[in-house]
Amino acid sequence: MKLTFWGAAQTVTGSMHELEVAGRHYLLDCGLYQGRRQEANERNSRFPFSPSNIQAVLLSHAHIDHSGNLPGLVKNGFSGPIYTTSATADLCRAMLADSAHLQEQDAEFLNKRLRRRRALDPNAQGQTIQPLYTAEDAEKTEPLFRAVELGTPTDIGPGLRYQSYDAGHILGSTSMVLDLSDRPRPVRLAFSGDVGRPGLPIIRDPQPLPPVDYLILESTYGDRLHEAIAPVKNKLAGIITRTANRGGKIIVPAFAVGRTQQLVLLLHELINENRIPSIPMFVDSPLAVNVTEVFRNHPECFDEEVREFLNNHQDPFGFSRLRYVRDVNESKALNDLHGPFIVISASGMCEAGRILHHLRNNIGDSRNTVLLTGFQAQYTLGRKIQEKQAEVPIFGEPMPLRAEVETLDSLSGHADQHELLDWMKPTTPTLRKVFLVHGEEGQGKALAQAIHERYNIEVLQPARGQSIPLA
Ligand SMILES: [Zn+2]
């Protein structure tokens, strides 16, 4: 029994852990690594193990940094089952197709640039780039999903039983408990996935886990305490009113999954309560349109608040002032629209997608506001904007940043330090070791110290490639 950390090790993205039980190999998550371009390409295109040797994948949730390299795994020979919830499988169908499209677009953009350079100088250096994976690879991944209901123990292979719990992070998100019994003394391992916050809009609160021997725990906000969720609505109302009053636009980079739907629900409530000016609002993302449809199809994941909304015959994900934009020409037409409006578009860390056009057209104007709504990883454009750098690169060109920049941290889908400590408490009576993942080094260190102080349990921050025997 052995655990090897291949991704989200002392960093936030690329969640991927390899578990060996009874001589067979399994993956917990298979996420895309995001960060510096070359390093990301390198890591995502070369698996540090043979994908055809992996028996099954246990997937915590649909976010791309957890699921985004599944088509790459399939392209490289994996053909086993992918166990997860039905909502996650449906979200992945939409998201992996979108991700494949972005990969193809990205490669095409770079190859075009190379061809132009070669036309000018036949000796220009550079290689034709293959997309990380294609739409076809994403399609081949679809039939591998096996939907398992929360709380249903499922045998995955000899000596490996899996059971999932609601992680309260995004629709369909799970934490998982794995019973490993290929030795006389069985071992219970838990993987937190990404842990949400109690009281988040739309989805239910994170479920407590049973006592376990080992815990792989995320640490995204391990060094921080969030603001309470309730005042977020006041802050949002304030930002929208202030920007609209000075004739500006509100540009909102948001993850198409989860954050967009939360924002739409909050905007809907603010409109109902007459607390923001009546300006046009757009969700400009074909992925968000598809994902919102998946949300509508999975009411079993909703909390009481949304159920009540539904009972009042209101659509929690749409209202008269809001338009979903699927068509690319309609999206471009937004560039010529005058006067205040709100546009929500992906990606949340401003790495790709239509948000780049909106940022390019609007960040130079001090009347506008860029409203960041989630964690911004190191080296991403979102992080540069959050740091209010005087110039930020968009499509390879430096652009002056004059717009107001605001962050709504408390909408975060991730538990903060106190919430993580509370969440892990039920696991601690038998807990022997905690492995911290999915956090930059500083966040991990702060959380490690807090866990040690509160529970006196050994905490490791494994490096990439580090293997740990579980006995
Ligand atoms: Zn996540």
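These notes cover the structure that comes with them.

The rules we used
Residues numbered from 1 in each chain as written. Predicted model: local features only at pLDDT ≥ 70, side-chain atom pairs only at ≥ 80, totals over all residues. Heavy atoms only, no water. Helix = DSSP H or I, 4+ residues; strand = E, 2+ residues; numbered from the N terminus. Buried < 20%, exposed > 50% of the residue type's maximum accessible area, 1.4 Å probe, protein only. Contact = heavy atoms within 4.5 Å. Donors = N, O, S within 2.8 Å, 3.2 Å for Na, K, Ca; no water. Tetrahedral: all angles 85-135°; square planar, octahedral: opposite > 155°, others 65-115°. Axes fitted to C-alpha atoms, helices over the stretch in contact; angles between N-to-C directions. Parallel < 35°, antiparallel > 145°, perpendicular 65-115°, else oblique. Left-handed = near helix turned anticlockwise from the far one by under 90°. Nonpolar A, V, L, I, M, F, W, Y, C, P; charged D, E, K, R; others polar. 1 Å grid on protein atoms, 1.4 Å probe; cavity = no way out; pocket = protein on both sides within 12 Å on 5 of 7 lines; lining within 4 Å. Points joined across faces, edges and corners; volume = space filled by probe spheres on them. Phe/Tyr/Trp six-rings, centres within 6.5 Å; stacked < 30°, edge-to-face > 60°. Lys NZ or Arg CZ within 6 Å of the ring centre and 35° of its normal. Pairing = 2+ DSSP bridges.

Structural notes on the environment of Gln 125
Within the element layout of this structure, Gln 125 appears in the loop between helix 4 (86–120) and helix 5 (135–141). Taking relative accessible area as the criterion, Gln 125 reaches 68% and is therefore assigned exposed. For the pair Gln 125 and Leu 114, spaced 11 residues apart in sequence, the C-alpha to C-alpha distance is 8.5 Å. Setting aside anything within four residues of it in sequence, one finds Gln 125 in contact with Leu 114 and Arg 117.

Topic: the coordination of the zinc ion
Each donor-metal-donor angle in an ideal tetrahedron of four donors is 109.5 degrees, and each such angle in an ideal octahedron of six donors is either 90 or 180 degrees. Summarising the metal site, the zinc ion is bound by the protein donors His 61 (NE2), His 63 (ND1), His 169 (NE2) and Asp 194 (OD), whose distances to it range over 2.2 to 2.3 Å. With four donor atoms in place around the zinc ion and angles of 90 to 167° between them, the coordination shape is irregular. Counting residues between consecutive donors of the zinc ion along the chain gives the motif H-x1-H-x105-H-x24-D. Placement of His 63 in the loop between strand 4 (54–58) and helix 2 (64–67) and of Asp 194 in the loop between strand 10 (187–191) and strand 11 (214–218) is noted, with a sequence separation of 131 residues between them. Overall, the relative accessible area of 12% leaves His 63 in the buried class.

Some words on the environment of Gly 14
With respect to the helices, strands and loops of the structure, Gly 14 is situated in the loop between strand 1 (2–5) and strand 2 (17–21). What makes Gly 14 buried here is its relative accessible area of 6%. Along the chain, Gly 14 and Gln 34 lie 20 residues apart, while their C-alpha atoms are 6.8 Å from each other. Leave out the neighbours within four places in its chain, and Gly 14 touches Gly 7, Ala 8, Gly 31, Leu 32, Tyr 33 and Asp 65.

A closer look at the packing of helix 7 (residues 259–272) against helix 9 (residues 304–311)
For the pair helix 7 and helix 9, the least separation of the axes is 13 Å and the interaxial angle reads 55°. The angle between helix 7 and helix 9 falls in the class oblique. Here helix 7 runs over helix 9; the crossing is left-handed. On the side of helix 7, the interface is formed by Leu 265, His 268, Glu 269 and Asn 272, while helix 9 contributes Glu 305, Val 306 and Phe 309. Looking at the contact of helix 7 with helix 9 residue by residue, the class counts come to three nonpolar, two polar and two charged.

Details of empty space enclosed by the protein
To locate leftover empty space, one rolls a probe as large as a water molecule over the atoms. Overall, the coordinates contain four cavities of 30 Å³ or more when judged by the stated rule. What the largest cavity holds in volume is close to 90 Å³. Forming the boundary of the largest cavity are 14 residues, of which Met 16, Gly 31, Tyr 33, Arg 43 and Asn 44 lie nearest the centre. Split by residue class, the lining of the largest cavity holds six nonpolar, five polar and three charged. The volume enclosed by the second largest cavity comes to roughly 50 Å³. As for the second largest cavity, its lining consists of Leu 236, Ile 240, Ile 250, Val 252, Leu 263, Leu 267, Ile 342, Ile 344 and Leu 371. Listed by contribution, the elements that provide at least two residues to the lining of the second largest cavity are helix 6 (231–245), strand 12 (250–253), helix 7 and strand 15 (342–345). Its residues assigned to classes, the lining of the second largest cavity shows nine nonpolar, no polar and no charged.

A closer look at the packing of aromatic side chains
Counted under the stated rule, the structure contains nine aromatic pairs. Ring plane angle 45° and centroid distance 5.7 Å describe the contact between Phe 47 and Phe 49, whose orientation is recorded as tilted. For Phe 49, a relative accessible area of 13% puts it in the buried group. A ring pair is formed by Phe 295 and Phe 317, whose centres lie 5.6 Å apart and whose planes are at 80°; its orientation type is edge-to-face. In this pair, Phe 295 sits in helix 8 (residues 286–297) while Phe 317 sits in the loop between helix 9 and strand 14 (322–325), placing the two residues 22 residues apart along the sequence. The residues Phe 295 and Phe 317 share a single accessibility class, namely buried. In textbook terms, an aromatic cluster arises when at least three aromatic residues are bridged by ring pairs, as seen for Phe 5, Tyr 214 and Phe 435. Note that Arg 43 overlies the ring of Tyr 33, its terminal NZ or CZ placed 4.1 Å from the centroid.

Topic: the packing of helix 4 against helix 8
Packing of helix 4 against helix 8 brings their axes to within 10 Å, and their N-to-C directions diverge by 170°. Looking at the two axes, helix 4 sits roughly antiparallel to helix 8. Contacts between helix 4 and helix 8 involve Ala 87, Asp 90, Leu 91, Ala 94, Met 95 and Asp 98 on the former and, on the latter, Leu 287, Asn 290, Val 291, Val 294 and Phe 295. Across the contact of helix 4 with helix 8, the residue classes tally to eight nonpolar, one polar and two charged.

Considerations on the sheet that holds strand 2
Spatial ordering of the open sheet is given by 6-5-4-3-2-1-22, a layout of seven strands whose pairing is mixed. Looking at the sheet topology across the chains shown, the edges are occupied by strand 6 (145–147) and strand 22 (467–469). Strand-to-strand twist in this sheet, taken as the mean axis angle between neighbours without regard to direction, amounts to 25°. Here strand 5 (residues 82–84) pairs with strand 6 via three bridges, running parallel. Pairing of Ile 82 across the sheet is with Phe 145, part of strand 6. Each of strand 5 and strand 6 is contacted by helix 4, which is oriented at about 150° to strand 6, the strand it contacts most.

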